[in-house]
Every structure is written in C-alpha cells, then in structure tokens.
Amino acid sequence: MKFLRFVLATGFGISTVVTVIIVVWEWLENPSGIFHDESGTNWRFVYETAISWFVPTFLVASGIAATAYLVWSVIARLRDRTP
C-alpha cells in the first residue's frame, strides 16, 4: 500500500506542477491566438493542452517513481542483511 501511495502521489504531484507551468506558459505566449482573444479564454483548448501534458507526464513520472522505490527497497534490504 505504501508503494502504491508513493507512486501515485509522486506521479500526481510532478505531473500537476509540470502541467500548470506549461499551460500558464502557453496561455501567456498564446501562439496564433488559440488560447485567448478579445472574447476571452478558450477554456476547451486550455483543458486539452492540460490533459495532453498531464497524462503522459503522470505515466512517466509514476514509472520512474515506481522504479526508484523498488531500487531503494532492494538496496535497503541488502544493507540490513549485511553484518
């Protein structure tokens, strides 16, 4: 349970930070006026951009977190067994 919580929390945290940074950056840069114009913010495009960054970042970050957790667990067990 600890493993799953660590992996999901790490993946969620990293992907949320990355997604917020990218979406705000893109909104401010506003390439071709697709994020906002005189009539306001195009929330559908903001949402699609957020999802397109969040999902892959979550998968990669969770995979890296899972691998790191497992490696750390193996190292800790080996260290505990050594006299």
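Look above for the structure.
Below is a summary of the structure that appears in this document. (Residues numbered from 1 in each chain as written. Predicted model: local features only at pLDDT ≥ 70, side-chain atom pairs only at ≥ 80, totals over all residues. Heavy atoms only, no water.)

## Remarks on the overall build of the chain
For the chain, the count of helices and strands is 2 helices and 2 strands. The secondary structure elements of the chain, listed N-terminal to C-terminal, are α-β-β-α. Its C-alpha atoms give the chain a radius of gyration of 19 Å, clearly above 12 Å, the size a compact globule of 83 residues would have. Across the 83 residues in the chain, those meeting the buried criterion constitute 19%. The long-range fraction of contacts in the chain, counting pairs at least 24 apart against all pairs at least 6 apart in sequence, stands at 65%. Carbon together with sulfur atoms contributes 72% to the accessible area of the chain, which is approximately 6400 Å² in total. Computed over 6 positive and 6 negative side-chain charges, the separation of the two mean positions in the chain equals 31 Å. (Helix = DSSP H or I, 4+ residues; strand = E, 2+ residues; numbered from the N terminus. Rg over C-alpha atoms; globule rule 2.2 N^0.38 Å. Buried < 20%, exposed > 50% of the residue type's maximum accessible area, 1.4 Å probe, protein only. Contact = heavy atoms within 4.5 Å. Areas by Shrake-Rupley, 256 points an atom, 1.4 Å probe, with all protein chains shown as cover. Lys, Arg positive; Asp, Glu negative; His and termini not counted. Charge placed at Lys NZ, Arg CZ, Asp CG, Glu CD.)

## Some remarks on the side chain of Ser62
Relative to the elements of secondary structure, Ser62 occurs in helix α2 (residues 43-81). Among residues more than four places away in sequence, those in contact with Ser62 are Val7 and Gly11.

## Observations concerning the packing of aromatic side chains
Summed over the entire model, instances satisfying the criterion amount to 5 aromatic pairs. For the ring pair Phe6 and Tyr69, a centre distance of 5.4 Å and an interplane angle of 40° mean the geometry is tilted. Here Phe6, found in helix α1 (residues 2-29), pairs with Tyr69, found in helix α2; they are 63 residues apart in sequence, far enough to count as distant. Take Tyr69: its relative accessible area is 23%, and that puts it in the partly exposed class. Note on Phe54 and Phe58: the rings are 5.9 Å apart at their centroids and 10° apart in plane angle, and the pair reads as stacked. (Phe/Tyr/Trp six-rings, centres within 6.5 Å; stacked < 30°, edge-to-face > 60°.)

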